Amino acid sequence: MAKRMTQRDVAALAGVSQAVVSVVLGMGKHAYPQETVARVENAAKQLGYVPNRFAQALKTNKTLSVACIVPDIANPFYASLIRGVQSVMDAHRYDVIVASTDTVRERELHFLNWSAQGRVDAVVGTFFHAGVNDFEPYLMAGFPIVRIEAENKTAGHLPLHNIFIDNTAAARRAVEYLLAQGHKHIYMIAGAGGPAGARVKGYQQAMVQAGLTPQILMQADFSEPTSYQCARSLFRNVPRPDAIFAANDVMAIGVMRAARETGITIPGQLAVVGFDDIPSAGLVTPSLTTVAHFPEHIGQKAGEILMNHLSGEQASPGSTTEMPYRLVKRESA
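Residues numbered from 1 in each chain as written. Predicted model: local features only at pLDDT ≥ 70, side-chain atom pairs only at ≥ 80, totals over all residues. Heavy atoms only, no water.

Novice: Would you explain unusual backbone geometry in this entry?
Specialist: A negative phi angle is the norm for most residues apart from glycine, just as the trans form is the norm for most peptide bonds. Along the chain, Ile 266 connects to Pro 267 via a cis peptide bond; the corresponding omega equals 10°. In this structure, Pro 267 sits in the loop between helix H11 (249–262) and strand E9 (271–273). With omega at -10°, the peptide bond leading from Thr 285 into Pro 286 counts as cis. Backbone geometry places Asp 102, a non-glycine residue, at a positive phi of 55°. Relative to the helices and strands, Asp 102 resides in the loop between strand E2 (95–100) and helix H6 (105–119). Phi at Asp 277 is positive, roughly 55°, even though this residue is not glycine. One can find Asp 277 in the loop between E9 and strand E10 (290–292). (Helix = DSSP H or I, 4+ residues; strand = E, 2+ residues; numbered from the N terminus.)

Structure follows, in structure tokens:
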């Protein structure tokens, strides 16, 4: 059996101390000249040295990994969010472990508890049900959490970092755009939980301001099949909707499929607006008008905040960061 290379072997070949190898191959390459870093990395590569992450975790009390907890890993929005987190973590030699909760509260709590048991150093999460009361025991123990929120929430004295866009204002902007085009019978299809409440509020504000009655159909989830069925039933209404605002792009695409199968033209007979600007929003026919809020950038910001916290550079225990959004006007409205 081949001998397993150790940090001592790497140090001998590189002509440095074992402590230098430990720092350079950990998170501290910035602490040494580039020439020293290159010697250590070349020696490790030449010897085929593979760090023992378990041993490092025992020694440093750090796993060099974080968890990314999302409601639906199949939703392209969350895939982009995870990519953003990972791009930052990769640069710091941290691993990212992904968990999908299917928007179930028990799964959110399970993965939070699992993460805080020493398996990862921190969590980035989008939680549809778990709130600050659920986070508090972990935060009090010093376990940092970055949550992606639908509206402004204060961090308080705990190590809770909030990243949000103003979902209410963004939804209101989308509906105001439909109103400006002369639409009157504007319905909203929304899922339950998560950002739905803030987006419904924005829709209601725009409709009431225009002197119109809000018409909201809440579904069990944010999926394409449920929005498809919901739209099919809506198209039997008299008067029929002349516009539909969907709480996310996946649901908007379900509406568009239902309209196509019913013989309703978009945007001629029906305008459709979504939310998220997932990659397929610009690829469907007609292309989807939607609200973009840049999930990869949100993920990158979450990763940066976590690394600042984990490295001790974060000045205060918690933080609140607002991110931008933009209405993307395409063919569907």
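Novice: Hey, could you run me through the sheet that holds E9 in this one?
Specialist: Strands pair in a sheet through their backbones, by hydrogen bonds, and they do so in one of two ways: parallel or antiparallel. Pairing within the open sheet is parallel, and its 4 strands lie in the order E7-E6-E8-E9. In this open sheet, the two edge strands, each paired with only one partner strand, are strand E7 (215–218) and E9. Strand-to-strand twist of the sheet, defined as the mean angle between neighbouring strand axes without regard to direction, takes the value 20°. By the bridge criterion, 4 bridges tie strand E6 (residues 186–190) to strand E8 (residues 243–246) in an arrangement that is parallel. Bridge assignment links Met 188 to a residue of E8, and that residue is Phe 245. Here helix H9 (residues 196–209) sits on the sheet and contacts E6, E7 and E8; the angle it forms with E6, its principal contact strand, is near 175°. Of the strands in this sheet, E6, E8 and E9 are in contact with H11, which crosses E9 at around 160°. (Pairing = 2+ DSSP bridges. Axes fitted to C-alpha atoms, helices over the stretch in contact; angles between N-to-C directions. Contact = heavy atoms within 4.5 Å.)

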